[in-house]
Amino acid sequence: MNPLVEPIQFGKLTLPSRVFYAPLAGCSDFPFRKMSAKYKPGLMYCEMVKIDALVRYDVGTFHILDYSPDMHPIGAQLCGSKPLFAGQAAKIVEDLGFDVVDLNCGCPVDKVTKDGSGSGMLKTPDLIGEVIASMVASVKIPVTVKIRAGWDDQTINAVEIVKIAEKAGAKAICIHGRTRQQGYKGPANWEYIKACKEAAKSILVIGNGDIVDGPSAEAIHQKTGCDAVLVARGTMGQPWIADEILRYLRKEKAIERSLEDCRRELLEHFHHTLSYH
């Protein structure tokens, strides 16, 4: 049996499988997660929220973190680079009932990186450690972090950050096999994920990038030895992908989904959106 179908421990938290759904700004909203929950990903995240806005108790930011009981296990992802505020924000997330809190060090968009947040933090690895340490000291739930391979091809530093995150107390680190410079273009380089897994001692390594179906999930695991996989854009248009991947890995018969099934899911998402807002 492929290890990805087995439960995994994040500290004291047991996750039912190792196929996770990524936080996707503007996409992994409440209705999408409501739909996705039916297909039992091992863990899914809300959309990313800014640390500064959370500690200011911005109503809109808290609205992004709305969830329903059927969405557990669920994680919140924070974006920001101030250690003191990061600890406060992580505590807010814990008090809201989240199972995991994640630090975003991977978002490549200019409006996030311009203040040193998101993948901008790849330029300041020691600061990543400080922010993680502040979060770990503030909460009892597992702290995770998501990074890219590096800022660009000349500054690949994912292995260094794995060691820093591990020392700071993070339970898991997700490696996106692209650089910030790549954005979402070109293939993800899974060799970087493999190197991170080989460097990790106690921290769990989650593989991310170009996972779109069962065969690609199996391939990244075989290539890298990663402890889990995070599906990002692969969830778009197919909220059932966790079930599809797990069925493939268990060598179970795939469920044929027609265009009518897709239309029905999209209509359900639309109605959830109307009722939610």
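Above this text you will find the structure in question.
Here goes a summary of the coordinates provided. (Residues numbered from 1 in each chain as written. Predicted model: local features only at pLDDT ≥ 70, side-chain atom pairs only at ≥ 80, totals over all residues. Heavy atoms only, no water.)

A separate point is the packing of aromatic side chains. Each aromatic ring pair is described using two quantities: the centre-to-centre distance and the angle formed by the ring planes. In the structure shown here, the tally under the stated rule is four aromatic pairs. When the centroid spacing of 5.9 Å and the interplanar angle of 90° are considered together, the rings of Phe-10 and Phe-20 count as edge-to-face. Taken together, the residues span a long stretch of sequence, with Phe-10 in strand β1 (residues 8-10) and Phe-20 in strand β3 (residues 19-21) at a distance of ten residues. The class of Phe-10 is buried, set by a relative accessible area of 1%. Of note, Lys-123 hangs over the ring of Trp-151, and the distance from its end group to the ring centre comes to 4.0 Å. (Phe/Tyr/Trp six-rings, centres within 6.5 Å; stacked < 30°, edge-to-face > 60°. Helix = DSSP H or I, 4+ residues; strand = E, 2+ residues; numbered from the N terminus. Buried < 20%, exposed > 50% of the residue type's maximum accessible area, 1.4 Å probe, protein only. Lys NZ or Arg CZ within 6 Å of the ring centre and 35° of its normal.)

Here the focus is empty space enclosed by the protein. Per the counting criterion, the structure on display carries two cavities of 30 Å³ or more. Taken as a whole, the largest cavity holds about 70 Å³ of empty space. Put simply, the parts of the chain that give the lining of the largest cavity at least two residues each are β8 (143-148) and β9 (172-176). Approximately 40 Å³ is the volume attributed to the second largest cavity. (1 Å grid on protein atoms, 1.4 Å probe; cavity = no way out; pocket = protein on both sides within 12 Å on 5 of 7 lines; lining within 4 Å. Points joined across faces, edges and corners; volume = space filled by probe spheres on them.)

This next bit is on the nonpolar core. Core analysis: the biggest nonpolar cluster contains 63 residues, and Leu-78, Val-101, Ile-132, Met-135, Ile-147, Ile-173 and Ile-175 have the highest contact counts within it. Discounting chain neighbours no more than four positions away, the residues touching Ile-175 are Ile-147, Ala-158, Val-162, Ile-193, Cys-196, Val-205, Ile-206, Gly-207 and Asn-208. Leu-24, Val-100, Ala-228 and Leu-230 belong to the second-largest nonpolar core, a separate cluster that totals 17 residues. (Core = buried A, V, L, I, M, F, W, Y, C linked by side-chain atoms within 4.5 Å. Contact = heavy atoms within 4.5 Å.)

In this section: the packing of helix α8 (residues 190-199) against helix α9 (residues 214-224). Interaxial distance between α8 and α9 falls to 8 Å at its minimum, and their mutual angle equals 50°. Here α8 lies oblique to α9, going by the angle between them. The two elements α8 and α9 cross, and the hand of that crossing is right-handed. Residues Trp-190, Glu-191, Ile-193, Lys-194 and Lys-197 of α8 lie in contact with α9, whose contacting residues are Ser-216, Ala-219, Ile-220, Lys-223 and Thr-224. (Axes fitted to C-alpha atoms, helices over the stretch in contact; angles between N-to-C directions. Parallel < 35°, antiparallel > 145°, perpendicular 65-115°, else oblique. Left-handed = near helix turned anticlockwise from the far one by under 90°.)

What follows covers helix α10 (residues 241-249). Regarding α10, the residues found buried are Ile-241, Ala-242, Asp-243, Ile-245, Leu-246 and Leu-249. Those residues of α10 hidden inside the fold are in contact with β3, α9 and β11 (228-231). One or two steps after α10, the chain reaches Lys-251, where phi turns positive at roughly 60°.

Functional significance is not addressed by these values, which are geometric in nature.
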